Amino acid sequence: MALRLFKRRIEKKESSKPKSKPKPKQSKVSSKPRQENFHKRYKAFCRRLLKNKIEIKGRNIIEEESKKGPIMIMSTHKHPIETLVYDAIAPKKVFFLSDIGQVISSNKYLRFQGIPGVNNILNLFGTIEINRKQPVKGLRKAIEKSTDILKQDGVLCIFPKGYRGGSEALDRSLAESTSRSSGIYILQKAEAEMKRKIPIIFSKVEYDKTTKKYVVKMEKGYLPENADRKKLALEYIDRIERL
C-alpha cells in the first residue's frame, strides 16, 4: 500500500513538470567547405610567401588553361618548394601525386606512411599518396583519386621522374616503376571517361641565384592517341628537362 502511494506521488510530480522540447537534430557539416576554405587560405599563404620571388618565362599557361577546365602539370621535382610555386601561380587548388616522405641524405629516406595523423594533414595540402610499400593497391587508389580530380575540372600535378636526386637516389627503380607512366595512364583514363582532350602543361622550376627568384618555364601539349606509356613517359621526362 505504501509502495503504491509512493509511486503515485512520483507520477504526479513527473506529470506536473513542463515537457522539454526535443532537441533538433544537428546536421553533419560537410568537410568539403572546410577543405575549400583551407585551400584558399593555403594558396593565399603561398602567394604571400613567394611574392616577387617567382619569374614566369612567357605566358602563365597554367593559369590560362585551368580557367577553361582540367589540366595536368608534368613537372621537374628538384626542389620541395615546387609545390608551393604551383599553388601560388594557379587559380585553383593544385593536387600532387606523390610518395609521402622526405629524403634525409643520400642513403636515408623518412617515410611518413603509417604515422597517425600525418597522412590526413598532408592530404589537406593536396597530396595524393602513392604507397610504394604496396605498389599495386597503392597505385590503384592514387589513380582513382587523381582521375576524379580531373573529372571535376581540377588541376593535377605529377612528377614523371618519380624521385629527386641523381642515379644514386633512394627508391629509384621503384619510383620509376610507379611514377613514370602512371600520369599518362591517369590522363588516358580521364580522357576516355570525359570524352575530351585534357591539356598537359610541361613545366620546369629552377632557382636563379642571381635574381634570387624561382624561374618557371612552361609549354602546352596533348596526349597522342594509342600512346605507348613507358616510351612516352621517357620522352616527356626529356622534354621537361629541355625546357
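Residues numbered from 1 in each chain as written. Predicted model: local features only at pLDDT ≥ 70, side-chain atom pairs only at ≥ 80, totals over all residues. Heavy atoms only, no water.

A. A positive patch on the surface, seen in detail. Together, K137, R140, K141 and K145 make up a region of like positive charge exposed at the surface. Structurally, the position occupied by K145 is in helix α6 (residues 135–151). (Patch = residues over 30% accessible without salt bridge, like charges linked within 9 Å, V, L, I, M, F, W, Y side chains within 5 Å. Areas by Shrake-Rupley, 256 points an atom, 1.4 Å probe, with all protein chains shown as cover. Salt bridge = Lys/Arg side-chain N within 4 Å of Asp/Glu carboxyl O. Lys, Arg positive; Asp, Glu negative; His and termini not counted. Charge placed at Lys NZ, Arg CZ, Asp CG, Glu CD. Helix = DSSP H or I, 4+ residues; strand = E, 2+ residues; numbered from the N terminus.)

B. The pattern of salt bridges, seen in detail. Scanning the entire structure with this criterion turns up 15 salt bridges. K78 serves as the salt-bridge partner of E241, at 3.7 Å between the closest nitrogen and oxygen. With a gap of 163 residues between them, E241 in helix α9 (residues 229–241) and K78 in the loop between β2 (71–75) and α4 (82–89) connect regions that are remote in the sequence. In this structure K78 comes out as partly exposed when scored by relative accessible area, which is 42%. Linking R242 and D238 is a salt bridge whose minimum nitrogen-to-oxygen distance equals 2.9 Å. Note on R242: relative accessible area 59%, which makes it exposed. When its relative accessible area of 39% is taken as the criterion, D238 is described as partly exposed. (Buried < 20%, exposed > 50% of the residue type's maximum accessible area, 1.4 Å probe, protein only.)

C. Region of interest: the nonpolar core. In this structure, M72, M74, L150 and Y236 are the most contacted members of the largest nonpolar core, which totals 26 residues. Among the secondary structure elements, those contributing two or more residues to this core are β2, α6, β7 (155–158), α8 (182–194), β8 (200–208) and α9. When neighbours within four sequence positions are excluded, Y236 is seen to be in contact with M74, I184, I200, F202, Y222, L223 and P224. Counting residues in hydrophobic clusters, the runner-up holds 24 residues, among them C46, Y86, V94 and V216. (Core = buried A, V, L, I, M, F, W, Y, C linked by side-chain atoms within 4.5 Å. Contact = heavy atoms within 4.5 Å.)

D. Fine view of the pairing of β7. Neither face of β7 is exposed, since V155 and C157 on one face and L156 and I158 on the opposite face are all buried. Bridge analysis of β2 against β7 gives four bridges, and the strand direction is parallel. When the bridges of β7 are listed, I73 appears paired with C157. Pairing of strand β3 (residues 94–98) with β7, which is carried by three bridges, proceeds in the parallel orientation. Bridged to F95 within β7 is L156. (Pairing = 2+ DSSP bridges.)

E. Fine view of the side chain of E82. Within the secondary structure layout, E82 lies in helix α4. In this structure the side chain of E82 is engaged in a polar contact, spanning 3.5 Å, whose partner is the side chain of T76. Setting aside chain neighbours within four positions, we find E82 in contact with T76, H77, F159 and V205. (Polar contact = N/O pair within 3.5 Å; in protein donor to acceptor, adjacent residues only side chain to side chain.)

F. Spotlight on the packing of aromatic side chains. According to the stated counting rule, one finds seven aromatic pairs in the structure shown. With a centroid separation of 5.2 Å and an interplanar angle of 85°, the aromatic rings of F38 and F125 are classed as edge-to-face. One end of the pair, F38, is in helix α2 (residues 31–49); the other, F125, is in the loop between α5 (118–124) and β6 (127–129), and 87 residues separate them in sequence. Between the aromatic rings of F96 and F159, the centroid separation amounts to 6.3 Å while the plane-to-plane angle is 5°, which identifies the pairing as stacked. With F96 in strand β3 and F159 in the loop between β7 and α7 (172–179), this pair connects stretches of sequence that are 63 residues apart. Over the ring of F95 we find K93, and its NZ or CZ is 5.7 Å from the ring centre. (Phe/Tyr/Trp six-rings, centres within 6.5 Å; stacked < 30°, edge-to-face > 60°. Lys NZ or Arg CZ within 6 Å of the ring centre and 35° of its normal.)

G. Structural detail: α8. The terminal C-alpha atoms of α8, which comprises 13 residues, lie 18 Å apart, in line with the 18 Å expected from a rise of 1.5 Å per residue. Taken residue by residue, α8 has S182, G183, I184, I186, L187, A190 and E191 as its buried positions. Directly after α8, the chain includes K195, whose backbone phi takes a positive value near 55°. (Expected span 1.5 Å × (residues − 1).)

H. Spotlight on a nonpolar patch on the surface. A surface patch of nonpolar side chains, amounting to about 230 Å² of accessible area, comprises I121, L124 and F125. Of the residues examined, F125 reaches a relative accessible area of 30% and is grouped as partly exposed.

I. Inspection of the confidence of the model for the protein at higher detail. When the pLDDT values of the protein are averaged, the result is 79; 68% of them are 70 or greater. When the criterion is pLDDT under 50, residues 24–30 qualifies, and its contacts beyond four places in sequence or with other chains add up to one contact. Between residues 166–172, whose pLDDT stays under 50, and residues either more than four places distant or in other chains, the model counts twelve contacts. (pLDDT = per-residue confidence, 0-100.)

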